[in-house]
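In case you want the letters, here they are:
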There are 2 protein chains.
Amino acid sequence: MVKIGDVAAAADVSVATVSRTLNNNSTVDPALAERVRAAAESLGYRPNAVARNLRRRRTSVWALVITDIENPFYTAVARGVEDAARSNGYSVLLCNSDEDQEREARYLQVAAGEHVAGLILAPRNASTDVSELRAAGIPVVVVDRSCGAELDTVRTKSSEGARIATEHLLAEGWRRPACITGPADAETAEARHAGSVLAVDAHGTDDLTRHVSYDSEGGRAAAADLLDSDARPDAFFVANSMLALGVLGELRRRALRVGSDVGLVMFDDAPWARLLDPAISVVSQSAYEMGGRAGELLLDRLSGSGPAEPRNEYLPATLIVRESSRR
Amino acid sequence: MVKIGDVAAAADVSVATVSRTLNNNSTVDPALAERVRAAAESLGYRPNAVARNLRRRRTSVWALVITDIENPFYTAVARGVEDAARSNGYSVLLCNSDEDQEREARYLQVAAGEHVAGLILAPRNASTDVSELRAAGIPVVVVDRSCGAELDTVRTKSSEGARIATEHLLAEGWRRPACITGPADAETAEARHAGSVLAVDAHGTDDLTRHVSYDSEGGRAAAADLLDSDARPDAFFVANSMLALGVLGELRRRALRVGSDVGLVMFDDAPWARLLDPAISVVSQSAYEMGGRAGELLLDRLSGSGPAEPRNEYLPATLIVRESSRR
DNA sequence: TTGAAAGCGCTAACAC
DNA sequence: GTGTTAGCGCTTTCAA
C-alpha cells in the first residue's frame, strides 16, 4: 500500500503539501502541485478513506434504515436516496430492519459507531430511539413514518389518499368496502385505516378493517377472513402493493373478478398495476421523490443551511382510477 | 464523546484491559471485566468503529455493486447479500452502477478507498477492472454475470433456461418465437439469446431477436418493432421481468391476448406473474439464494477457508409453465 | 507558501 | 493477567 508519505518523498515535498494539493485546499504552488499529482499518479496512490475519516471526525456515508428493500415502495425510496447521495459524494449503507425493533436499534448503533455523516430512517414507530445519534451530532431525517423526536420528516398524505380512494369506491356504488392494512402500530397502516374509516363513516356503512403484517401473506389471510365472515365486503381498499399481491391472489383463487364481483383500490402504483386485466386502480405516492427529498433535507443539515426548526413535509397521494374500482 | 480512555479511568484499569474485555479477546480477570463493562455502560461508551478500522486495517462493511436496485432480480440479490452480511456482523454499502462503466469504476474506487472488507459485484461486462481491489487484498465475488479476472462467481444457468423456455414454446405449437433480450454486451442478455437460438435453430425456424436496454421501455419498443415487422413473431421469450413489463403493456395496447393470440415466457418469477390473467409462464431463478451464496463465498475468502482456485457456481433456472405459453 | 509535528481513538506488541 | 506505548494514515494547527 502506497501512502501519503511515499508520494511526498517521490515529489520531494512534505506530506502536508501532498494533502493540501489532493484536497485542493489553500493555495499550493502550481509547480509543486503538478509534481505531487504526477507522483501520486505514477505511484498509483489511493487515499485511505478510513484514516481520513478518523482524522476529520466525519465520514462520507449515509445510513438508510428501512424495513425491507423488497417492498417496492422502499426500493424506490432507496434509489432516490442513493442518487442524491452519489451526486453529492456520499455512499449509502443499506439496513433492513424488517419491522423488528431490536434489529432497528442495532442498526442505529452501528450507524453511530461507524460515525456515518447522516441517517435516513423509516422508523418502526414513534418509540424508535434516535437519541444516541442526536447526541453524536448525526443528523437524521425521517421518511414515510414519523418518529417521536423533533426531526425533519417527509411523508405521503396517507390518510387523505385512503379517504379519497374509499370515497371513490363508495361513489362507484360499492356498498361495503373493507380496509386491509398493516400492523396497527405502523403509522402508515393506521393513517390509511383512519382515512378509509372517515369515508366509510360519512357514508354510514360498517367499518370492516383487518390489521395484518405488511406482506402478501397478510393480505391473503385478511382477504380470506373477510370473505368468509358474516360481514362480507364487496370491495377492498388495500394499504400497499405487497398486501394487494396476496389479496389479488386470494380473489383469483376464489374466481372473484375484480371490477365486477368486487371492487379494489390499492396504495402504491406498482409497475404491474396497469398490466392486470382489469387494470388496478391505485393511490400513487412518489417514492423515488421521497427518497430524493430526504436526501436534500439531509444535505441541508450537513451543510448547516436550512431552518433551525425541523421541517415536516407531505408529498401528495393521487388517486389513479383504472378499472378495478369501477362497477 | 466518551472514549476508551474515559472508560479505563472510570474502571481504574488500562485502556488495553478495556479493549480486551470489550473485544473479549485473551483472558481478562472476571472482576476487572465486570468493572469495565459497568463503567462502559454507565458512561454510555460506544466504540469508534472508524478508529478501530484504521488500527485493524480492515472494516466490517461489504460493498455491493449492482446495476439497479429497482430491478426486482437485484432487489432480491441485495436482500440475500444483506442477510448474509448482517448475520455475520457486516454491513453493506449499496452501489447502483446503472450499467454505466464509468460509474461502476468510480464505485470500485470508493470501495477500495474505504477499505471495505469485501465486494460483491454484478459487472457491466468482462472488461470491468477489479485489479485495484485485488491489489488491495480485497476479495471480490461476482454475481449474475462474469468478470475477466479469476474470481469466485455465482450465476444462473441462463442459457439452459432460455433454451428450455423456447423449446417449450415450440412444443406448444407456437411457430415463430422471438427473443427480446438485453444489450448484446451484457452477459446474461447474450446467454439467454444464445439459449433461445439453440432451440429455434434445432427447430429450423428464423432467429427473431431484439437487443434493447434492460428496462420496460426497451421491452415495449422491441415488441412494437417485432409486431410491425414483416417477420412477425407469434410468441415471445423475454429475457427479464422489466422487459416483460413493457412487452405486456404493448401487447395489451394492441389487444393481443397472451396464451391465445401470442405465446409468452419471461425470465424471472416476478410476484405478479401468477396474478395476470392468463398467468405468465416463467423461467425462475433463485435471486435471493444467489445473494446469499455470494455472501457465503465472500465469507470463505474472508476467513481464509475455501479452496485456492476460484469457484464457479451455477444456480438452476426452472421453467414454470402457467398459462401464457399455452395455446 | 511550505514543513514539522501533534493528534483522531483504537488495537496489539511487548514488557512486566 | 495487566499496563505502557507505538503506531494505523491522514489532516491541520502552528511556526517559519
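All of these numbers come straight from a predicted model, not from anything done at the bench.

Novice: Run through the interface of chain A and chain B, naming residues and quoting values.
Specialist: Taken together, the contact between chain A and chain B spans 50 residues of the former and 50 residues of the latter. Of the roughly 4,400 Å² buried between chain A and chain B, counting both surfaces, carbon and sulfur atoms make up 56%. The largest share of the area that chain A buries against chain B comes from Arg79, Arg252 and Leu275 of chain A, three residues that together contribute 15% of it. Linking chain A to chain B there are 10 salt bridges.

Novice: Tell me about the protein's contact with DNA strand D, and name the residues and values.
Specialist: Residues in close proximity to DNA strand D total 28 residues, the closest being Arg55 of chain A together with Arg20, Thr27, Asp29 and Arg57 of chain B. Within the backbone of isoleucine 4 of chain A, one N or O atom sits 2.5 Å away from a phosphate oxygen of DNA strand D. Arginine 52 of chain A has a polar side-chain atom sitting 3.3 Å from a phosphate oxygen of DNA strand D. Looking at the surface near DNA strand D, the elements with two or more residues in it are α2 (15–22) and α4 (49–56) of chain A together with α2 (15–22) and α4 (49–56) of chain B. For the surface near DNA strand D, the per-class residue count stands at 12 nonpolar, 7 polar and 9 charged.

Novice: Give me the lowdown on the protein's contact with DNA strand C, citing residues and values where you can.
Specialist: Taken together, 27 residues sit near DNA strand C, with Arg20, Thr27 and Arg57 of chain A together with Ile4 and Tyr45 of chain B positioned nearest. Counting only atoms of DNA strand C within 4 Å of the protein, the fraction found in sugar and phosphate groups is 67%. Residue arginine 55 of chain A places a side-chain N or O atom 3.2 Å away from a base nitrogen belonging to DNA strand C. Arginine 52 of chain B is positioned such that a nitrogen or oxygen atom in its side chain is 3.2 Å from a phosphate oxygen of DNA strand C. Where the surface near DNA strand C is concerned, the elements lending two or more residues are α2 and α4 of chain A together with α2 and α4 of chain B. Split into classes, the residues belonging to the surface near DNA strand C amount to 11 nonpolar, 7 polar and 9 charged.

Novice: Could you give an account of the relation of the copies chain A and chain B, with specific residues and numbers?
Specialist: Once turned by 180 degrees and shifted 0.1 Å along the axis, chain A lies on chain B with an RMSD of 0.2 Å. One copy is carried onto the other by what is essentially a two-fold rotation axis. Closest approach to the rotation axis among the C-alpha atoms of chain A is made by leucine 93 of chain A, whose C-alpha sits 2.1 Å away. Most of the interface of chain A is mirrored in chain B, where 100% of its interface residues again form contacts.

Novice: With reference to specific residues and values, describe the pairing of strand β1 (residues 61–66) of chain A.
Specialist: Successive residues of a regular strand alternate their side chains across the two faces of the sheet. Residue and element names in this part refer to chain A. In terms of residue burial, β1 counts as a mostly covered element, since 6 of its 6 residues are buried. Burial along β1 is two-sided: the residues Val61, Ala63 and Val65 and Trp62, Leu64 and Ile66 are all buried. One ladder, built from 6 bridges, connects β1 with strand β2 (residues 91–96); its direction is parallel. Its bridge partner lying in β2, tryptophan 62 is registered against valine 92. Between the parallel pair β1 and β2, the chain is carried across by helix α5 (residues 72–86), and the sense of this crossover is right-handed.

Novice: Tell me what's going on with the nonpolar core, and back it up with residues and numbers.
Specialist: Residues Phe236, Leu264 and Met266 of chain A together with Phe236, Leu251, Leu264 and Met266 of chain B are the most contacted members of the largest nonpolar core, which totals 64 residues. Not counting the four nearest positions on each side in its chain, methionine 266 of chain A is found in contact with Val238, Ser241, Ala244, Trp272, Ala273, Ile280, Ser281, Val282 and Val283 of chain A. Listed in part, the 56 residues of the second largest apolar core include Val81, Ala84 and Val92 of chain A together with Val143 of chain B.

Novice: Summarise unusual backbone geometry; cite the residues concerned and give the values.
Specialist: Backbone torsion omega between aspartate 277 of chain A and proline 278 of chain A reads 0 degrees, so that peptide bond is classified as cis. If you trace the backbone, proline 278 of chain A turns up in the loop between β9 (263–267) and β10 (281–285). In this structure, arginine 57 of chain A takes a positive phi of about 60 degrees despite not being glycine. Note on placement: arginine 57 of chain A falls in the loop between α4 and β1. Even without being glycine, aspartate 98 of chain B reaches a positive phi, approximately 55 degrees. Locating aspartate 98 of chain B in the fold gives a position in the loop between β2 (91–96) and α6 (101–113).

Novice: I'd like a description of the environment of alanine 231 of chain A, backed by residues and values.
Specialist: Its place among the elements puts alanine 231 of chain A in the loop between α10 (216–228) and β8 (235–238). Separated by 55 residues in the primary sequence, alanine 231 of chain A and arginine 176 of chain A have C-alpha atoms spaced 8.7 Å apart.

Novice: Tell me about the sheet that holds strand β3 (residues 118–121) of chain A, residues and numbers included.
Specialist: The strands making up a sheet associate through hydrogen bonds between their backbones, and the pairing can be parallel or antiparallel. The 12 strands are arranged β11(A)-β5(A)-β4(A)-β3(A)-β1(A)-β2(A)-β2(B)-β1(B)-β3(B)-β4(B)-β5(B)-β11(B) in an open sheet whose pairing can be described as mixed. Strands at the two margins of the open sheet, each flanked by one partner only, are β11 (312–315) of chain A together with β11 (312–315) of chain B. Neighbouring strand axes in the sheet, compared pairwise and without regard to direction, differ in orientation by 20 degrees on average. When β1 of chain A meets β3 of chain A, the two strands line up parallel, connected through 4 bridges. Considered in β3 of chain A, the bridge of alanine 63 of chain A is made with leucine 119 of chain A. Strands β1 (61–66), β3 (118–121), β4 (140–143), β5 (152–156) and β11 of chain B of the sheet are contacted by helix α12 (residues 287–303) of chain B, whose axis makes an angle of about 170 degrees with β5 of chain B.

Novice: So what about the pattern of salt bridges? Which residues, and what values?
Specialist: Side chains that differ in sign of charge can pair as their charged atoms come close. A full pass over the atoms with the stated rule returns 58 salt bridges over all chains. The salt bridge involving aspartate 68 of chain A is made with arginine 79 of chain B; its shortest N-O contact spans 3.1 Å. One end of the pair, aspartate 68 of chain A, is in the loop between β1 and α5; the other, arginine 79 of chain B, is in helix α5 (residues 72–86), on a second chain. For the residue pair aspartate 68 of chain A and arginine 79 of chain B, the accessibility class agrees, reading buried in each case. For arginine 79 of chain A, the salt bridge is made with aspartate 83 of chain A, and the minimal N-O distance between the two is 2.5 Å. In this pair, arginine 79 of chain A and aspartate 83 of chain A are both assigned in helix α5, 4 residues apart and thus about one turn of the helix distant. One exposure class covers both arginine 79 of chain A and aspartate 83 of chain A, and it is buried. Through salt bridges with shared partners, a single ionic network connects Asp68, Asp98 and Arg103 of chain A together with Arg79, Glu82, Asp83 and Arg86 of chain B.

What counts and how
- Residues numbered from 1 in each chain as written.
- Chains lettered and ligands numbered in written order.
- Predicted model: local features only at pLDDT ≥ 70, side-chain atom pairs only at ≥ 80, totals over all residues.
- Heavy atoms only, no water.
- Contact = heavy atoms within 4.5 Å.
- Buried area = accessible area lost by both parts, 1.4 Å probe.
- Salt bridge = Lys/Arg side-chain N within 4 Å of Asp/Glu carboxyl O.
- Near = heavy atom within 4 Å.
- Polar contact = N/O pair within 3.5 Å; in protein donor to acceptor, adjacent residues only side chain to side chain.
- Helix = DSSP H or I, 4+ residues; strand = E, 2+ residues; numbered from the N terminus.
- Nonpolar A, V, L, I, M, F, W, Y, C, P; charged D, E, K, R; others polar.
- Least-squares fit on C-alpha atoms with pLDDT ≥ 70 in both.
- Buried < 20%, exposed > 50% of the residue type's maximum accessible area, 1.4 Å probe, protein only.
- Pairing = 2+ DSSP bridges.
- Right-handed = clockwise from strand over helix to strand, strands pointing away.
- Core = buried A, V, L, I, M, F, W, Y, C linked by side-chain atoms within 4.5 Å.
- Axes fitted to C-alpha atoms, helices over the stretch in contact; angles between N-to-C directions.

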